[in-house]
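A structural walkthrough
Spelled out, the chains give:
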Amino acid sequence: MKLATAPVRPLIAVGAGLAAVGTAALLGLPSVAKAPETRLAAAASAPPEGAYWHTRVLTQRTGPRQMGSGANRYWVVEQDLSEEWTAPDGKAWFGYRKAGAYPKSAADRKAWRRDGSPAKWTRTADGQVVKLSTEPDKGHVGPVRGNDDKFFLAGQKLTYEEVQRLPADPNALKSWLSEAARVSRVKQNNVDQYITGALPGMLNQLPAPKNVRAAAYQLLLTMPSVRSQGETKDSMGRAGAALSIDHPKADQKNGLTIKEETEMIVDTGTMLLLSEGRTTAITGKLSLNETSTQIVLEAGWTNTAPAVPALP
């Protein structure tokens, strides 16, 4: 059978021994797992603790270009709110709302006032077209179409029950993700990068049990491009463990070198992601930095129905 290029059916026995299940389970073929593994695959999963797995995220972006004119140049932070609700059957809803832009620092606020305290921007200081406003918009909410009513991890489609049975051991989880990478035709020298990219989402986007999230966090600490940065607090004053991820691929285009780094803060008590920031540095003919931070305001089960995101 030809391997699928789109996300394929997942490991049917996600809690079982991967070597026994192998490619057949990934492709939706009859499993050849031994009897003990079959029983493990069929074990009952924990029932959901609410009607929806829900995440609420505030994203803040800065740059890469200043607003204003002349000597009155300043950085502006864009903000938006996004929320996702996913029922155990995989049906999902998404809400989005622009939360208003604001000058980044005290010095930026002074320059903004000298610039006439604009409430809207249509161009940057060097003439690039933008569309920003200090006022939030009305936002919207609606069902997510085309996700096949499944949860997604590393290119695999998972049911709620399969998410519950993901490996709760870091080594077994790495084996599962490595097999997913192979089926997704990821080149061998990119597998570690592929696994590293999949793990952060397990800390807030999937309704995985806490022990599975803990395995994802422990595995993340072992990946080559990840460094532990000790204890810290996020912008909301919440304590957590800091990690940094160097993205090994540096794109070189038109004499420019583009490098990316991600910084994460994880609550190691709940094993949930608190924030994830990314810095894109462009060096060469130009020197530009673009930063974005996703602050996870809420992650967990809820019975509250989907609605337009409320302002923080």
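The preceding data block contains the structure.
Quantities reported herein were computed from a predicted structural model and do not represent experimental measurements.

**Examining the packing of helix α5 (residues 170-183) against helix α6 (residues 191-198)**
- Axis separation between α5 and α6 bottoms out at 10 Å; the angle between their running directions is 115°. Viewed along their axes, α5 and α6 adopt a mutual orientation that is roughly perpendicular. In the crossing of α5 with α6, the sense of the turn from one axis to the other is right-handed. In this structure, α5 contributes Lys 174, Leu 177, Ser 178 and Ala 181 to the contact, and α6 contributes Val 191, Asp 192, Tyr 194, Ile 195 and Ala 198.

**Describing a positive patch on the surface**
- A surface patch of positive charge is lined by Arg 109, Lys 110, Arg 113 and Arg 114.
- By secondary structure assignment, the location of Arg 114 is in helix α3 (residues 106-114).

**Concerning the packing of aromatic side chains**
- This structure, assessed with the given rule, holds three aromatic pairs.
- Aromatic side chains Trp 53 and Trp 301 sit 5.5 Å apart centroid to centroid with 80° between the ring planes, which places their arrangement in the edge-to-face category. A residue pair is termed long-range when its members are at least 10 positions apart, and Trp 53 in strand β1 (residues 52-62) and Trp 301 in strand β16 (residues 288-302) qualify at 248 residues.
- On the numbers, 6.1 Å between centres and 70° between planes, the contact of Tyr 160 with Trp 301 is edge-to-face. With Tyr 160 in helix α4 (residues 160-164) and Trp 301 in strand β16, this pair connects stretches of sequence that are 141 residues apart.
- Pairwise contacts between aromatic rings join Trp 53, Tyr 160 and Trp 301 into one cluster.

**A look at the pattern of salt bridges**
- With the rule as written, the count across this model stands at ten salt bridges.
- Between Glu 78 and Arg 61 there is a salt bridge, with the nearest N and O atoms lying 3.9 Å from each other. Here Glu 78, found in strand β4 (residues 76-86), pairs with Arg 61, found in strand β1; they are 17 residues apart in sequence, far enough to count as distant.
- Of the charged contacts in the structure, one is a salt bridge between Asp 234 and Arg 238, with a shortest N-O distance of 2.7 Å.
- Asp 234 sits in the buried class, given a relative accessible area of 8%.
- Note on Arg 238: relative accessible area 21%, which makes it partly exposed.
- Put simply, Arg 61, Glu 78 and Asp 80 are held in one network by salt bridges that share partners.

**Here's the deal with the pairing of strand β5 (residues 92-98)**
- Taken together, the seven bridges between β4 and β5 define a ladder with antiparallel strand orientation. Bridge pairing links Glu 84 to Phe 94 in β5.
- Remark: five residues form the turn of the hairpin made by β4 and β5, two consecutive strands paired antiparallel; Gly 90 in that turn has positive phi of roughly 95°.
- Pairing of β5 with strand β9 (residues 140-143) involves four bridges; the strand directions are antiparallel. Within β9, the residue paired with Tyr 96 across the bridge is His 140.

**Some words on α5**
- Taking 1.5 Å per residue as the helical rise, α5 with its 14 residues ought to reach 20 Å, and the 20 Å between its terminal C-alpha atoms agrees with that figure.
- Among the residues of α5, Pro 170, Leu 173, Trp 176, Leu 177, Glu 179, Ala 180, Ala 181 and Val 183 are the ones counted as buried.
- The distance from a side-chain oxygen at the start of α5 to the backbone nitrogen of Asn 171 is 3.0 Å, and the residue carrying that oxygen is Asp 169.

**Examining the nonpolar core**
- Counting 39 residues, the largest nonpolar core has Leu 153, Leu 166, Leu 173, Leu 177, Leu 199, Met 202 and Met 264 as the members making the most contacts within it.
- The set of elements that each furnish at least two residues to this core consists of β10 (151-153), α4, α5, α6, α7 (210-222), β13 (239-253) and β14 (256-267).
- Other than its neighbours up to four places away in sequence, Leu 153 contacts Leu 158, Leu 166, Trp 176, Leu 177, Ala 198, Met 202 and Leu 206.
- Residues Tyr 74, Ala 101, Ala 111 and Trp 112 belong to the second largest nonpolar core, which totals eight residues.

Reading the values: the criteria
- Throughout, residues of each chain are indexed from 1 in the direction in which the sequence is written.
- In view of the model being predicted, local features appear only for residues whose pLDDT reaches at least 70, and side-chain atom pairs are presented and counted only at 80 or more, with totals across whole chains, interfaces and linings using the full set of residues.
- Each side-chain value is worked out from all heavy atoms of the structure, with water and hydrogens disregarded.
- All axes are obtained by fitting lines to C-alpha atoms, using only the stretch in contact for helices, and the reported angles, taken between N-to-C directions, cover 0 to 180 degrees.
- Only DSSP runs of H or I with at least four residues qualify as helices, and only runs of E with at least two residues qualify as strands; both kinds are numbered from the N terminus onward.
- Oblique is the label for any angle not covered by the other classes, which are roughly parallel (under 35 degrees), roughly antiparallel (over 145) and roughly perpendicular (65 to 115).
- Less than a right angle of anticlockwise turn of the near helix away from the far helix marks a crossing as left-handed, whereas a clockwise turn marks it as right-handed.
- A contact between two residues is defined here by any heavy atoms of the two lying within 4.5 Å.
- Any residue with relative accessible area above 30% and no salt bridge may belong to a patch, with like charges joined within 9 Å and the nonpolar Val, Leu, Ile, Met, Phe, Trp and Tyr side chains within 5 Å.
- The accessible surface values rely on the Shrake-Rupley method and a 1.4 Å probe; as for residues, cover is taken only from the protein chains in view.
- We define a salt bridge as a side-chain nitrogen of Lys or Arg found within 4 Å of a carboxyl oxygen belonging to Asp or Glu.
- In this tally, Asp and Glu contribute negative charge and Lys and Arg positive charge; neither His nor the terminal groups of the chain are included.
- We put the charge of a Lys on NZ, of an Arg on CZ, of an Asp on CG and of a Glu on CD.
- Only rings of Phe, Tyr and Trp enter the pairing, Trp through its six-membered ring, and a pair is recorded when the two centres are within 6.5 Å. The plane angle decides the type: under 30 degrees is stacked, over 60 is edge-to-face, the rest tilted.
- Note on exposure labels: buried denotes an accessible area under 20% of the residue type's maximum, exposed denotes more than 50%, and partly exposed covers the range between, all computed with a 1.4 Å probe on protein chains only.
- The pairing criterion for strands is at least two bridges between them, as found by DSSP.
- Expected span of a helix, by definition, is 1.5 Å for each gap between consecutive residues, and there is one gap fewer than residues.
- Pairing of N or O atoms within 3.5 Å defines a polar contact, subject to two protein rules: one partner must be a possible hydrogen donor and the other a possible acceptor, and residues neighboring in sequence count only if both atoms are side-chain atoms.
- Definition used in this section: a nonpolar core is a set of buried Ala, Val, Leu, Ile, Met, Phe, Trp, Tyr and Cys residues joined via side-chain atoms within 4.5 Å.

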